[in-house]
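Structure assessment
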Amino acid sequence: MLKFFELFNRGYIDFSCSHSFSGPFNRNVKISSTPEFENSSWNADKVGGLLINFGRSTQIFSGIGKTFINLKKLIITGSLIKFIKRSDFTDLSELKELRLSYVEIPFIPEDTLFDLPALEKFKISGSTLQRLPGNLFLFSSNLIEFDLDSNYELTKIPDELFKNIQNLKKLTIRKSSRLKIVKKSSWNFPELEEFQIKFSNIENVPENLIMSSKKLKRLNLSNNKIKTLERNFKSNFAQLGDLMLDGNPLNELTQDAFDEFLFLKKLSLRDCNLKSLPENIFDSLTELEELDLGNNELTALTENIFAKNLKLKKIELDGNKFKKIEFDFTKLQEIESISLRGKDCI
């Protein structure tokens, strides 16, 4: 423990702690000196959550696990950190959540997480990460959430990365503009419930993901380069509850674009450059409650456009160029909110 606090007192690290990972006694404490920590009413072995900013350090101090022996959640930041290694995370067998934020690491050694068998959530954000090792999750069978956020140098995710995490429930990939995803990538997620891949320039979704994710309820593909909804995409995501396609150059949608999404409750098509909508495009969405068509180029709404969507509660139509609206919104008995402010509506 002494080594950890020596670094702290010399200004190399800054940290805050929480008494427990969860529960009624959870509280956050900002520590400003070693005496304050030593004279407080709690001990390091009772700390469940820890945020450490390695401000002046170029590497992670490897004694974290020996100092905080019951740690469940660990967040590490430090713009001068250039590499991480397996020994940084030894003696953390109970750790459930690990976040690495704004660290300048171009790659992660494949054995980095091998001593974290209880790990359930792993997030890397704001790094210079270029590649991920295929065996990173070799001993992470309990992982349920994986988040890659703002890793602009990342170009590829190896197919074998996910083969040992069959219990993954949430996968998030954001702002990875150089990332190339092969259409036939072998991503197999039988338990996946939520998938987000946003601001990443993708043109399609890996076929194996489509075929294997029968429990998927929420899909967010916003701000990519998707131009069409392929037939296998629609038929294999029939169980979806939420679908977000904002910011994709869809331009035009076919009448059967959403025929398979019988359980959809939320659909977002904002900023898709849509100029018109087929008459019966939403007819199969009888469970739909929220619809966002904002910031498009729509000029008209036909008489029956929402005739089958009687459960609609919220409709966003702002930012369009409506000249003609034939639909009678009083037919929607459940409606709570309609946004209709346009670019140059009449």
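The shown structure was predicted, so the numbers you read here are calculated from the model rather than taken from an experiment.

This part covers the pattern of salt bridges. Following the criterion strictly, the structure yields 18 salt bridges and no others. Between Lys96 and Glu120 there is a salt bridge, with its nearest N and O atoms 3.7 Å apart. Placement of the pair is Lys96 in the loop between strand E4 (73-78) and strand E5 (97-103) and Glu120 in the loop between E5 and strand E6 (121-125), with a sequence separation of 24 residues. With relative accessibility at 29%, the residue Lys96 sits in the partly exposed group. Linked through salt bridges whose partners overlap, the residues forming this network are Asp147, Asp149 and Arg174.

Looking now at a nonpolar patch on the surface. On the surface, Ile325, Ile338 and Leu340 cluster together into a nonpolar patch covering about 210 Å² of accessible area. Tracing the sequence through the fold places Ile325 in strand E16 (residues 324-325). Look at Ile325 and you get partly exposed, because its relative accessible area is 35%.

Here we come to the pairing of E4. With 5 of its 6 residues buried, E4 lies for the most part within the structure. Here strand E3 (residues 49-53) runs beside E4; their pairing, made up of 5 bridges, is parallel. Counterpart to Leu50 in the pairing with E4 is Leu74. Two strands pair when backbone bridges link them, and E4 and E5 are joined in this way by 6 bridges, in the parallel orientation. Bridging from a neighbouring strand, Thr77 pairs with Ser101 of E5.

With that settled, the discussion passes to the packing of aromatic side chains. What the rule picks out here adds up to 12 aromatic pairs. Relative to Phe137, the ring of Phe122 has its centre 6.2 Å away and its plane inclined at 85 degrees; by these criteria the two rings are edge-to-face. Linking Phe122 in strand E6 with Phe137 in the loop between E6 and strand E7 (145-149), this pair joins segments that are 15 residues apart in sequence. Within the aromatic cluster, the residues linked to one another by ring pairs are Phe258, Phe261, Phe282, Phe306, Phe327 and Phe329.

What follows concerns the pairing of strand E8 (residues 170-174). Counted residue by residue, E8 has 4 buried out of 5 residues, so it is predominantly covered. With 5 bridges connecting them, E7 and E8 associate as parallel partners. Of the residues in E8, the one forming a bridge with Asp147 is Thr172. Relative to strand E9 (residues 194-198), E8 runs parallel, the two being bridged by 5 bridges. If you follow Arg174 over to E9, its bridge partner there is Lys198.

Within the secondary structure, Ser125 sits in strand E6. With residues up to four places along the chain from it excluded, the contact list for Ser125 reads Leu100, Ser101, Tyr102, Asp149 and Asn151.

The rules we used
Note that residues are indexed from 1 along each chain, following the sequence as it is written. For this predicted model, a pLDDT threshold of at least 70 governs which residues receive local features, and a threshold of 80 or more governs which side-chain atom pairs are given and counted, while totals over whole chains, interfaces and linings are taken from all residues. Only hydrogens and water are set aside when side-chain values are computed; all heavy atoms of the structure are taken into account. For this analysis, a salt bridge means a side-chain nitrogen from Lys or Arg found within 4 Å of a carboxyl oxygen belonging to Asp or Glu. Note on conventions: DSSP H or I runs of at least 4 residues are helices, E runs of at least 2 residues are strands, and numbering of each starts at the N terminus. Burial classification: accessible surface area is computed with a 1.4 Å probe over protein chains only, and a residue below 20% of its type maximum counts as buried, one above 50% as exposed, and the rest as partly exposed. The patch calculation keeps residues exceeding 30% relative accessible area without a salt bridge and links them within 9 Å when they carry like charges or within 5 Å when they are nonpolar (Val, Leu, Ile, Met, Phe, Trp, Tyr). Areas reported as accessible are Shrake-Rupley estimates using a 1.4 Å probe. Residue values count occlusion only from the protein chains shown. Each pair of strands is called paired provided DSSP finds at least two bridges between the two strands. The criterion for an aromatic pair is that two Phe, Tyr or Trp rings (for Trp, the six-membered ring) have centres within 6.5 Å, with stacked assigned to planes under 30 degrees apart, edge-to-face to planes over 60 apart and tilted to the rest. Whether two residues touch is decided by their heavy atoms; if any such pair falls within 4.5 Å, the residues are in contact.

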